[in-house]
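# Remarks on the overall topology
What follows is each chain in one-letter form.
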Amino acid sequence: MKVEGCSNPGLSFTQKYKKAIINIYDFLHNDCTPGKYDYSVFQNLISSSISSDNSEIRMIIPFLIKLGVINHENIIKGGSRIREIIVNDSLFTLEGICFISFLKIELKSDDLSEEQQLIVRRIYAKFGVILFNYLLVSDDEIYRDLCSFLKKYETVDKNEFFILTDCRKKDRMDMLDSIINNYRSKIISPNDIEPISNINSFQYITSFLLQLNILKKIMMIRYHLVI
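Quick caveat: nothing in here was measured; it's all calculated off a predicted structure.

Rules and cut-offs
Residues numbered from 1 in each chain as written. Predicted model: local features only at pLDDT ≥ 70, side-chain atom pairs only at ≥ 80, totals over all residues. Heavy atoms only, no water. Helix = DSSP H or I, 4+ residues; strand = E, 2+ residues; numbered from the N terminus. Rg over C-alpha atoms; globule rule 2.2 N^0.38 Å. Buried < 20%, exposed > 50% of the residue type's maximum accessible area, 1.4 Å probe, protein only. Contact = heavy atoms within 4.5 Å. Salt bridge = Lys/Arg side-chain N within 4 Å of Asp/Glu carboxyl O. Axes fitted to C-alpha atoms, helices over the stretch in contact; angles between N-to-C directions. Parallel < 35°, antiparallel > 145°, perpendicular 65-115°, else oblique. Left-handed = near helix turned anticlockwise from the far one by under 90°. Nonpolar A, V, L, I, M, F, W, Y, C, P; charged D, E, K, R; others polar.

What follows concerns the overall build of the protein. Of regular secondary structure, the protein possesses 9 helices and 7 strands. Rg of the C-alpha trace for the protein: 19 Å, near the compact-globule value of 17 Å for 227 residues, within the 12% margin. Its C-alpha atoms put the protein at 60 × 50 × 25 Å along the principal axes. For the protein, buried positions account for 44% of its 227 residues. A separation of at least 24 residues holds for 63% of the contacts in the protein among residues at least 6 apart in sequence.

Structure (structure tokens):
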């Protein structure tokens, strides 16, 4: 059974990307001249100003928009593509400003006491829920689909993830229950499932949601919702 994955952000909340997000915020908040920018010019400006790879910026900015860190109202699109971006005092949402301010604390948490580190982890988990709620209303169906799947089936493994994304991509969501039941009853063998496109989507999305404390890994190969 050949199955297709979904598009994915290609990044996760590693220390590298957290630092890049902070640098982007500091530049736009403190040093960037307000105004309306062509999006390509905007990306190049940030890349050169914070000494970051342009491909990295191309991934980070759209994802910050989906996470509700950058205000959707400051984005001008042509179809599904970002054409222009307006830099002003409302570029970052209030949640986004608070989250980035917290990231600055979280990145230095090694210098804190164990009790303080525990508080930081708890606050980070709260921000994870806030950001995930933005993802649930984004144009990426995978987050809504995965959330609904886990609320119904409680856990998901790699093969089930690709069954889910394949049903969505091929407009066969009405067949999802039947396929999952056949898979879990071993009528469909795990060896029968062959991802053929976007094969990294499972790794990227689950890793990111683990970092947001939305998912928890259990039984080595399965995940369930924490919230």
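Attention shifts here to the pattern of salt bridges. Inspection of the entire model under this criterion finds 14 salt bridges. The salt bridge partner of Asp-145 is Arg-168, with a shortest N-O separation of 2.8 Å. In this pair, Asp-145 sits in helix α6 (residues 141-153) while Arg-168 sits in helix α7 (residues 158-169), placing the two residues 23 residues apart along the sequence. Two residues, Asp-177 and Lys-152, come together in a salt bridge whose shortest N-O distance is 2.7 Å. Separated by 25 residues along the polypeptide, Asp-177 in helix α8 (residues 176-184) and Lys-152 in helix α6 bring together distant segments of the chain. The structure contains a network of salt bridges with shared partners spanning Asp-157, Glu-160, Arg-184 and Arg-222.

A few words on the environment of Leu-11. If you trace the backbone, Leu-11 turns up in the loop between β1 (2-4) and α1 (15-30). Residue classification places Leu-11 among the buried positions, given a relative accessible area of 4%. In this structure, the C-alpha to C-alpha distance between Leu-11 and Ser-207, residues 196 residues apart in sequence, is 9.2 Å. Ignoring anything within four residues of it in the chain, the contact list for Leu-11 reads Tyr-17, Met-59, Ile-60, Phe-63 and Tyr-204.

Next up on the list: the packing of α6 against α7. Viewed as axis vectors pointing N to C, α6 and α7 meet at an angle of 125°, and their least axial separation amounts to 11 Å. Relative to α7, the element α6 is oriented oblique. In the packing of α6 onto α7, the handedness of the crossing is right-handed. Contacts between α6 and α7 involve Glu-141, Ile-142, Asp-145, Leu-146 and Phe-149 from the first element and Glu-160, Phe-161, Leu-164, Thr-165 and Arg-168 from the second. By residue class, the composition of the contact of α6 with α7 is 5 nonpolar, 1 polar and 4 charged.

Turning to unusual backbone geometry, a few remarks are in order. Its identity is not glycine, yet Glu-154 carries a phi of approximately 75°, on the positive side. Tracing the backbone shows Glu-154 in the loop between α6 and α7. Not every positive phi belongs to a glycine, and Asp-171 is a case in point at roughly 55°. Take Asp-171: it is sitting in the loop between α7 and α8. A relative accessible area of 68% places Asp-171 in the exposed class.

Function-wise, these values are silent; they only describe arrangement.
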